[in-house]
Amino acid sequence: MCSLFSHIPETDYEFQTRSVRLGGHGTSVRLEASFWVILEQIAAAQNVSLGRFLTTLHDEVLAFRGEPNNFASLLRCACLKYIGDVAKNPAARFALLAEARKDFALAG
């Protein structure tokens, strides 16, 4: 059973730091490579760039509860939520796209 986890390629869990612009300020976010892949999938599922997705998510969290204490951890949890509750559920994927159309003013 452990080989399922112990044989994960190191490249999947190496840290990657990316520069992003949140709330008009340049910052960097450090996540494992696998999380960046999932975040890119989430953004693609909403037909927006990763930068636009991250900015909108940050702005929504800011409006909902104030500055997030740990945005990187929030992103990891968002990835787990997406994989667990959205990715394999057509109704949830449709609902996410419907929200994206509203949030990002997407056509059709």
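It should be noted that the structure appears before, not after, this text.
Let me sum up the structure you'll find in this document. For clarity, every value in this text was computed on a predicted model and none was experimentally measured.

**Overview of helix 4 (residues 50-65)**
In this model helix 4 runs 22 Å from its N-terminal to its C-terminal C-alpha over 16 residues, within 8% of the 22 Å that 1.5 Å per residue would give. Leu50, Phe53, Leu54, Leu57, His58 and Val61 are the residues of helix 4 that are buried. For helix 4, the arc enclosing every buried residue in end-on projection is 130°, short of the 170-degree limit, so these residues lie on one face. Where helix 4 is buried, its residues meet strand 1 (15-22), helix 3 (33-45) and helix 5 (71-86). Just downstream of helix 4 lies Gly66, where phi reads positive at about 95°.

**Here's the deal with the pairing of strand 1**
It is a general feature of regular strands that their side chains alternate between the two faces of the sheet. Sheet analysis places strand 1 next to strand 2 (residues 25-32), joined by 8 bridges and oriented antiparallel. In the strand pairing of strand 2, Thr17 is matched with Arg30. Between strand 1 and strand 2, which pair antiparallel in sequence order, lie 2 residues; one of them, Gly23, sits at a positive phi of approximately 60°.

Analysis parameters
- Per chain, residue numbering runs from 1 following the sequence as it is written.
- Two thresholds apply to this predicted model, a pLDDT of at least 70 for residue-level local features and 80 or more for giving and counting side-chain atom pairs, whereas whole-chain, interface and lining totals are computed over all residues.
- With hydrogens and water excluded, all non-hydrogen atoms of the structure serve as input to the side-chain values.
- Only DSSP runs of H or I with at least four residues qualify as helices, and only runs of E with at least two residues qualify as strands; both kinds are numbered from the N terminus onward.
- To estimate the expected span of a helix, subtract one from its residue number and multiply by 1.5 Å.
- Using a 1.4 Å probe on the protein chains alone, a residue whose accessible area is under 20% of its type maximum counts as buried, one over 50% counts as exposed, and one in between counts as partly exposed.
- Here the arc refers to the set of directions running from the helix axis out to each C-beta atom.
- Should any heavy atoms of two residues lie within 4.5 Å, those residues are counted as being in contact.
- For two strands to be treated as a pair, DSSP must find no fewer than two bridges joining them.

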